[in-house]
Amino acid sequence: MNAFQVVLSGALLGGLYALMAAGVSVTWGILRVINLAHFGLILLGAYLTYELVTAWRIDPILTIVVTAPVLFVLGAALQWAYDRLNIVEFNSLLVSFGLLIIIIQIAQDIWTADHLEVPRANNRYVTGALTLGRLSVPTSRIVALLLAVVLLGGGHLVLRRTFLGRGMRAFAQDRTVAAAFGIDHRRLSVLLGGAAGASAGVAGMAFMLANFVQPTAAYEWFGIVFAVVILGGLGDLLGTLLAGISVGALTGVISQVWSQRYVTVALFIAIIVALVLRPRGVFTRGRTA
Amino acid sequence: MTAPARAVRGGLPRGLLILVATNAVIGVLGLLSQHLGVTEYNVVLVSTVLFWATQATSWNILSGFAGYFSFGQGAFYGVGVYSMAVLTGRHGVNYLLSIPVGGLVGGALAVLIGAVAFRLRSLRGEIFALLTLAVPFILSAIALNSQAIDGGVGQSLPTPSFPHWVPNFQHLVFLLNLVVATIAFAVALAVHRSRVGRGLAALHDAEDAAEVLGVPTFRYKMLAIVLGGVLGGMGGAVWAVGHYVIVDSVFNLYFPLLVILICIAGGRRHWLGPVIGAVLLVVLQEWLTASNLGNHRDIVLGVLLVAIVVFAPAGLFQRLRAHPWLALGVFLVVFISLVASGFYADLDALLYGMIAAVIVAIVAGAPAIARRLPSGRAASPTPAPTALPGTGAAAGAPAQTVRASSAVPQRAAQRGGGRVLVSIRGVSKNFGGVRALENVSFEVAEGEIVGLVGPNGSGKTTLVNLLSGAMPPDGGTIFIDGRSIKGLAAHKVAHAGVARTYQIPKPFASMTVLDNVAMAVMFGRTGASLPEAREHARRHLTTVHLGHLAESPPASLNLHQRQLLEMARAIAAEPSVLVLDEALAGLNPAEIDDAVAVIQRIHAAGISIIIVEHLLRVLQQLATRIVVLNRGALIADGAPAQVLNDPTVVHAYLGRQRA
Amino acid sequence: MLEVRGLQARYGDAQALWGVDLDVLDGEMVCLVGPNGAGKTTLVQTIAGLHRAHSGSIWVDRVELTRMPAHKVCDHGVATVPEGRRVFGHMSVRDNLLLGAYRRTARRDYRTTEEEVYGLFPRLRERAGQYAASLSGGEQQMLAIGRALMAKPRLLLLDEPSLGLAPVIVDQVFDALAAVSATGIGVLVVEQDVQRALSACSRGYVLIEGRIVTSGSTDALRATDEVRQRVLGM
C-alpha cells in the first residue's frame with residue numbers, strides 16, 4: 001500500500017471518530033457534563049442498528065430514522081436528570097461512569113458478550129469500495145465522513161451563526177447572566193442533550209457499517225474519542241471534525257508503520273502534548289482569555 | 001468544623017501506636033485463626049479488605065487529601081503486579097525483596113506522571129483525571145508488546161515458600177497484605193496529621209492562595225503522588241503473590257472504579273475514610289458473589305456510585321464520626337442478634353449489621369434530627385457573633401479610636417526614612433504580544449504605604465502577580481530586601497517577605513476562619529506548629545476585627561469579612577511587605593473606614609504596604625506615596641498631593657473627580 | 001413603571017429583604033444605596049427573577065413578574081447589568097451584543113439597536129471582532145450595558161457599575177446612563193460609590209438590613225442623618 005493510501009483511508013476513518021466525539025465535546029464544553037454514558041448511547045445505537053437491520057432487512061443507513069429519535073429522547077432524558085440533580089464537572093464524570101457500567105452490563109444481559117454484526121446481505125457498505133485510480137476507499141468510511149461533515153459542520157454553523165447557538169455558548173460561560181437575557185437553560189440543555197444523543201445514534205450506525213459490536217467496545221472507544229475531543233477543543237465542532245480526521249490519519253500511519261497496539265500509546269502522548277501546548281484545543285483559533 | 005482540632009489533639013505518635021497495635025492484634029488473631037474456629041474463607045475476606053484498603057489509601061493521599069482525582073490507580077497497582085511477576089517468575093528474585101521493588105517502580109511512575117502533570121496549571125480537575133485515565137492504557141500496551149514483561153501471553157509466578165509458623169498460603173497472603181496495609185495506613189495517618197496534610201488540604205481548597213501563603217504546592221503534590229505510587233505498587237506486588245498467572249487485564253477500568261467508589265463512600269478528607277469504605281464495599285461485593293448475584297456486581301456498583309455522588313458526596317466517615325458509639329452499638333446489636341438467631345450466614349449478618357449502622361449514622365446526621373441529639377457533633381453551636389455582619393456596630397466605635405491612635409506611626413514613617421524593602425527595576429511583561437508592563441521601576445522603603453493606581457488594564461494586577469512570584473517578568477528584576485526573586489517559586493517569595501491578598505477572596509473552605517489564618521502562620525517564615533499557629537492566628541484575627549468569628553466557616557462570612565480574612569491571612573505570614581489588590585472593592589463608605597483603620601493598624605505593626613485602589617479618599621487617608629501606571633508604563637511617582645494634581649494623571653486616570 | 005410592593009426574600013433561613021417598596025418611573029434614574037449585606041444585590045436579583053421572592057409583588061408596566069423565572073422576566077422588558085460585568089469572555093464583542101437581543105421581541109430589529117449601541121459606545125464598534133475577555137474593565141462595563149440595551153428594555157437594572165473602574169471611566173459610564181434614561185428607559189442603579197450615585201440620580205432609596213429606611217430626592221437624602229451616618233460614614 002502506498003503512503004497516500006494509508007493516510008487517506010485513515011483520515012476517512014476519522015469521520016467515525018468525529019461522529020463519536022461530537023456529543024462528548026458539546027456536552028462537556030457547553031453543559032459542563034463529561035458524559036461517559038455517551039459511549040453507552042453509541043453502544044445502544046450500534047445494537048439498535050443491528051436489531052433493526054436483522055428484523056426488517058433494510059439498508060443500515062435507513063435505521064437512523066428510528067435510532068436517532070430514540071437516542072434523542074434518551075440523551076434528553078439523561079441531560080434532564082443531570083440538570084435536575086445539578087450534576088456537572090467532576091461529579092458528572094463519576095455518575096456517568098456509573099451509568100456507563102450499568103448500560104454495558106444491560107447490553108451484555110440482552111445481547112451477550114459475543115461479537116455481533118449487521119447481516120452482510122443487507123450491508124453493501126462493508127465490502128464496497130470506491131476506486132479512484134490507484135486509490136481504493138471503503139464506502140463505509142466515506143458514508144461516515146459525509147455524515148460527520150454534514151452533522152458537525154451544520155452544528156458548527158448553528159452554534160456560531162444563530163441566536164440559539166449564541167445562547168448556548170453564552171449559557172456555557174455564565175448561566176445566571178444568560179438567564180437574565182431570556183435563555184431558558186433547562187430547555188436548551190435538554191435540547192442539547194437530545195442532539196448529543198441523536199448524534200450517538202448516527203455514530204452507532206456508522207460504526208456498524210464496518211465493525212463488530214460487543215458490550216466492552218465502549219471502553220475501547222475511550223482513548224480515541226477523548227483524544228479527538230481534547231485535540232479539537234471543548235465544544236468546538238469544527239475543531240472536533242478536523243481533530244477526528246487528523247487522529248484517523250495518525251492511527252492509520254501508526255498501525256501501518258509500527259503496530260496496531262501502539263495506536264493508543266501514540267494517541268495518549270498526543271493528548272498530553274496537546275494539553276501542554278494548546279490547552280484550549282489544537283484547532284481553536286484566536287487568543288486564550 | 002472541629003475536625004482538624006480533633007485530628008491534632010490525639011498526637012501523631014499515639015495514633016501510630018494505636019494503629020500498629022490494632023493491626024498486630026489482627027495479625028495474631030489471623031495466625032491463630034485455625035485454633036479460634038475462624039474459617040479460611042474469613043481470613044481471605046480480611047485479606048481482600050486489606051488489599052483494597054491499601055489501594056484506596058494509596059489513591060486517597062493525592063486524590064482525596066489534595067483533590068487531584070485520578071483514574072490511574074490501576075497503573076501503580078499494575079506496575080507492582082508486573083514487578084512481582086517478572087522478578088520472581090523470570091529472574092528468580094525472592095518475593096519479599098520484590099515487594100519493596102514493586103513500590104519503587106510505582107514511585108518512579110508517580111514521579112514521571114507528577115513531573116508532567118504538576119508542571120502545568122491547566123492540568124487540573126477533569127483534565128488531570130482524564131490524563132491519568134490514559135496511563136493504564138499506555139502501560140497495558142507496553143506490557144503486551146514487550147517480550148520482557150508480558151508479550152501478550154501473561155506471566156506465571158512460582159509458588160512462594162514461607163516459614164513454618166505461617167499455617168498456609170492464604171495466611172501468607174493475609175500477613176503480607178496486613179503488613180503493607182499497616183504501612184499504608186501509617187503513612188496516610190502521618191501525612192494527614194502533619195504539615196503536609198494541612199498543606200494538601202489547603203491546596204485542595206484554593207491552590208493559588210495556598211502557594212502565595214508559603215505552601216510548597218509542587219513539592220507537596222509530588223510527595224503525595226509518590227507516596228501513593230509506592231503504596232499502590234507494594235499492594236500490587238502482594239496481590240501478585242496470591243496469583244499464579246498474571247495477564248494484562250490488571251490494567252482494567254473496573255479497578256480504579258472500585259477504588260474511587262471506596263474512597264467516595266468512606267470519605268476522602270480523612271485517612272480512615274478509605275479504610276471504612278473498603279470494609280463496606282468489599283463485604284458487599286463478597287456478599288453479591290456469595291448470593292449468586294455476581295453477574296450484577298457491575299450494576300450494583302454503578303448504582304452505588306451514582307447514589308453516593310448524588311446523595312452523600314462527603315462520604316460516610318463524617319457521619320459515622322459524629323455518632324461513633326451509636327453506629328458501633330447498632331452494628332454489634334444487629335450482627336450478634338442475627339448470628340445468634342442461627343438463620344443467617346456470618347457474611348449476611350456482617351453486611352446487614354454494617355448497613356444498619358450506616359443508615360442509623362446517616363439518619364442521625366440529618367439536620368432535623370441532629371439538632372435534637374445532645375451528642376451530635378454536627379450540631380455543635382458556633383459562638384454567636386458579637387455584632388451583626390456589616391452593620392454600623394461592627395464598623396463603628398473601635399475603628400474610630402484606632403484611627404486616632406495609629407496616626408502617629410504613620411506620620412513618623414516618612415519616605416526614605418527606612419531601608420529599601422522592594423526594588424522594582426526595569427520590569428517588563430508581555431502576554432502574547434501585548435505589553436502589560438514596560439520598563440517599570442520604583443522602590444518601596446520600610447514604613448511606606450505606596451498607593452498603586454491607574455486605569456483598568458494599566459498593568460496593576462500584573463505587577464502584583466510579578467511581585468508575589470505568581471509569574472516571572474520577561475525583563476528586569478525585582479528585589480525583595482536586597483535579594484532578587486528571579487526564579488523563586490511563589491511560596492519562596494512569600495518566605496522572602498511578600499504577602500498578598502486577592503481581589504476576589506480565596507479562603508480555604510474546609511477550614512474554620514481561625515485555621516485559615518493559622519495555615520498562614522504554619523507555612524510562613526516562622527514555621528510554627530499548629531497549636532502555636534492558632535495562638536498567633538487569634539491575635540491576627542483581633543487585629544482585623546474578626547476575633548468573634550474565629551470558629552465560623554468562611555462560607556458564612558460576608559464580602560467585607562472575607563476581605564478582612566484575606567488581610568489576616570496575609571499578615572499572619574509575617575511579611576515585611578503586604579500587597580493589597582483592591583481589598584476594598586465593593587465596600588460601602590462605613591466599611592471602608594473600618595478597613596482603612598485595619599490597614600493602619602497593620603502598618604503600625606511595622607509592615608510596609610503596597611495598595612492597589614481606585615478610591616481616592618482611601619489613598620488620601622493612607623498613602624505616603626502614590627505610583628501611577630498607564631498602559632503598562634509608570635507615569636508618576638511621588639507624594640499624594642503632588643501626583644493627584646499632575647495634569648498627565650488627571651487626564652489618564654482621574655477625570656472629573658480629581659483630588 | 002416598576003412597582004415593588006412588600007417584597008420579602010430569603011436565603012434558606014436567613015431573611016434578606018423585609019417588605020421592600022420601591023418605584024421607578026419611565027425615564028427616571030433611581031439609585032439604591034446602603035451598607036454591604038443590606039440586601040441591595042438581592043433586591044436587584046429578585047426583580048430580575050434570578051432570586052425567588054418569598055412574598056410581596058413586583059410589577060413592570062402593570063404586569064406582575066413576581067416569582068417568574070429570569071428568562072421570562074426578560075421578555076417583559078427588564079434587562080440587567082450584573083455586578084462585576086460578567087461579559088461572555090470567550091465570545092466576540094459583537095456576539096455578546098447579539099446575545100443581548102436573544103429574546104424574540106428584540107431579535108426582530110437587532111440591527112437598528114446594534115447601531116444605537118455603537119452610537120452610545122463607539123469603542124465597542126472598534127472592538128466588535130475581539131474576544132470580550134480581551135477588553136479593559138471599562139470597555140467590558142460598556143459592553144455589559146450595551147448588551148443589556150440590545151434587549152430593548154423598558155427597565156435597566158445595574159449592580160455596582162463603578163466597581164473596579166478608574167474614576168475617569170466611571171465618568172463615562174454615568175454619562176452613558178444619563179443618555180439611556182433620557183430615551184425614556186427607567187434606570188435603577190445599585191452603587192457603593194454613594195456620592196457619585198446621589199449626584200447622578202434624581203431619586204434614591206436607602207436600604208439597611210433588608211428594609212428601606214428612607215427615600216426621596218437625592219438632594220434631600222444627602223442631608224438625612226441615616227445616610228450620613230450609616231452609609232456615608234460621616
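Residues numbered from 1 in each chain as written. Chains lettered and ligands numbered in written order. Predicted model: local features only at pLDDT ≥ 70, side-chain atom pairs only at ≥ 80, totals over all residues.

## A few points about the overall build of chain B
Counting its regular elements, chain B contains 29 helices and 12 strands. Here chain B, with 659 residues, has 53% of them falling under the buried criterion. By sequence separation, contacts in chain B at least 24 residues apart represent 73% of the contacts at least 6 residues apart. (Helix = DSSP H or I, 4+ residues; strand = E, 2+ residues; numbered from the N terminus. Buried ≥ 20, exposed ≤ 12 C-beta atoms within 10 Å, placed from the backbone. Contact = placed C-beta atoms within 7 Å.)

## Considerations on the overall build of chain A
From N to C terminus, chain A includes 11 helices and 2 strands. Order of helices (α) and strands (β) in chain A, N terminus to C terminus: α-α-α-α-β-β-α-α-α-α-α-α-α. For chain A, the C-alpha radius of gyration of 19 Å lies close to 19 Å, the compact-globule estimate for 289 residues. Looking at the 289 residues of chain A, the share that counts as buried comes to 56%. Here the analysis covers contacts within chain A between residues at least 6 apart in sequence; of these, 80% occur between residues at least 24 apart. (Rg over C-alpha atoms; globule rule 2.2 N^0.38 Å.)

## Let's talk about the sheet that holds strand β3 (residues 420–431) of chain B
Residue and element names in this part refer to chain B. As summarised here, the arrangement of the 4 strands in space is β4-β3-β6-β7, forming an open sheet in which the pairing is antiparallel. Each edge of the open sheet carries a strand with a single partner, namely β4 (434–445) and β7 (483–484). Packing of helix α21 (residues 460–467) onto the sheet brings it into contact with β3, β4 and β6 (475–480), and relative to β4 it is tilted by some 60°. (Pairing = 2+ DSSP bridges. Axes fitted to C-alpha atoms, helices over the stretch in contact; angles between N-to-C directions.)

## Observations regarding the interface of chain B and chain A
Facing 30 residues of chain B, the contacting portion of chain A comprises 29 residues. Secondary structure elements with two or more residues in the side of chain B that touches chain A: α7 (125–145), α12 (254–266) and α14 (297–311) of chain B. Take the side of chain B that touches chain A: its biggest share by element is 12 residues, from α7 of chain B. Partitioned by chemical class, the residues of the side of chain B that touches chain A number 23 nonpolar, 5 polar and 2 charged. (Nonpolar A, V, L, I, M, F, W, Y, C, P; charged D, E, K, R; others polar.)

## Quick word on the nonpolar core
Membership of the largest hydrophobic core comes to 408 residues, with the highest contact counts inside it found for Leu19, Ala206 and Val228 of chain A together with Val189 of chain C. It is helix α1 (residues 3–31) of chain A that provides the largest number of residues to this core, a total of 15 residues. Setting aside chain neighbours within four positions, we find Ala206 of chain A in contact with Leu16, Leu19, Val143, Ala144 and Leu147 of chain A. (Core = buried A, V, L, I, M, F, W, Y, C linked by C-beta atoms within 7 Å.)

## What to know about the pairing of strand β2 (residues 135–138) of chain A
All names here are of chain A. Two strands pair when backbone bridges link them, and strand β1 (residues 129–132) and β2 are joined in this way by 4 bridges, in the antiparallel orientation. Its bridge partner lying in β2, Leu132 is registered against Leu135. Two successive antiparallel strands, β1 and β2, enclose a turn made up of 2 residues, where Gly133 displays a positive phi of approximately 60°.

## Thoughts on the sheet that holds strand β4 (residues 53–60) of chain C
Sheet strands pair via backbone hydrogen bonds, and the direction of the pair is either parallel or antiparallel. Read from one edge of the open sheet, 4 strands run β2-β1-β4-β5 (chain C), paired in antiparallel fashion. Edge strands, defined here as strands with exactly one partner in the open sheet, are β2 (14–24) and β5 (63–64) of chain C.

## Section: the pairing of strand β6 (residues 78–81) of chain C
Residues and elements named next belong to chain C. Going residue by residue along β6, you find Val78 and Thr80 tucked away on one face and Ala79 and Val81 tucked away on the opposite face as well. Judged from the 4 bridges that link them, β6 and strand β7 (residues 155–159) form a sheet pairing that is parallel. Following the sheet pairing, Val78 is matched in β7 by Leu155.

## Concerning helix α13 (residues 272–290) of chain B
Residues and elements named next belong to chain B. If you check α13, its first and last C-alpha atoms are 27 Å apart, about what 19 residues at 1.5 Å a residue would give, namely 27 Å. Looking at α13, one finds that the buried residues are Gly273, Pro274, Val275, Ile276, Gly277, Ala278, Leu280, Leu281 and Val282. Asn292 sits one or two positions beyond α13 and adopts a positive phi of about 60°. (Expected span 1.5 Å × (residues − 1).)

## Some details on the environment of Tyr82 of chain A
Residue and element names in this part refer to chain A. Relative to the helices and strands, Tyr82 resides in helix α3 (residues 64–84). Assessed through the 25 C-beta atoms surrounding it within 10 Å, Tyr82 is described here as buried. C-alpha separation for the pair Tyr82 and Asn35, spaced 47 residues apart in sequence, amounts to 9.7 Å. Once you skip the residues sitting within four places of it in the chain, Tyr82 turns out to touch Val33, Ile87 and Ser92.

## A short note on the confidence of the model for chain B
Residue and element names in this part refer to chain B. Summing up the model confidence of chain B, the mean pLDDT is 83 and the portion of residues at 70 or higher is 88%. A low-confidence stretch, residues 1–10 stays under pLDDT 50, and its non-local contacts, those more than four residues away or across chains, total 13 contacts. Of the two predicted TM-score estimates for the complex, the pTM is 0.81 and the ipTM is 0.89. (pLDDT = per-residue confidence, 0-100.)

## A few points about the packing of helix α5 (residues 73–91) of chain B against helix α6 (residues 95–117) of chain B
All names here are of chain B. Running from N to C, α5 and α6 cross one another at 140°; their axes reach a closest spacing of 8 Å. Viewed along their axes, α5 and α6 adopt a mutual orientation that is oblique. Of the two possible hands of crossing, α5 and α6 adopt the one that is right-handed. On α6, the residues that touch Ala75, Phe76, Val79, Gly80, Ser83, Met84, Leu87 and Thr88 of α5 are Tyr95, Ser98, Val101, Gly102, Val105, Gly106, Leu109 and Ala110. Taken together, the residues of the contact of α5 with α6 break down into 10 nonpolar, 6 polar and no charged. (Parallel < 35°, antiparallel > 145°, perpendicular 65-115°, else oblique. Left-handed = near helix turned anticlockwise from the far one by under 90°.)

## A word on the environment of Gln621 of chain B
Residues and elements named next belong to chain B. The topology assignment puts Gln621 in helix α27 (residues 616–622). According to the C-beta neighbour criterion, Gln621 is partly exposed, with 18 such atoms within 10 Å. Spatially, the C-alpha atom of Gln621 lies 9.5 Å from that of Gln600, the residues being 21 residues apart in sequence.

## Some words on the packing of helix α6 (residues 163–173) of chain A against helix α3 (residues 93–100) of chain C
Taken N-terminus to C-terminus, the directions of α6 of chain A and α3 of chain C make an angle of 105°; their axes are 10 Å apart at the nearest point. Our classification of the angle between α6 of chain A and α3 of chain C gives roughly perpendicular. Side by side, α6 of chain A and α3 of chain C meet where Arg166, Gly167 and Ala170 of chain A of the first sit next to Asp95, Leu98 and Leu99 of chain C of the second. Counted by class, the contact of α6 of chain A with α3 of chain C contains 3 nonpolar, 1 polar and 2 charged residues.

## Notes on unusual backbone geometry
Even without being glycine, His545 of chain B reaches a positive phi, approximately 65°. Under the C-beta neighbour-count criterion, His545 of chain B is labelled buried, with 23 such atoms within 10 Å. If you check the backbone angles, Arg86 of chain C has positive phi at about 50° while not being a glycine.

## With respect to the environment of Ser189 of chain A
All names here are of chain A. With respect to the element layout, Ser189 can be found in helix α8 (residues 185–208). Judged by local crowding, Ser189 falls into the buried class, with 24 C-beta atoms found within 10 Å. Discounting residues that sit within four places of it in the chain, Ser189 has contacts with Leu31, Gln79 and Asp83.

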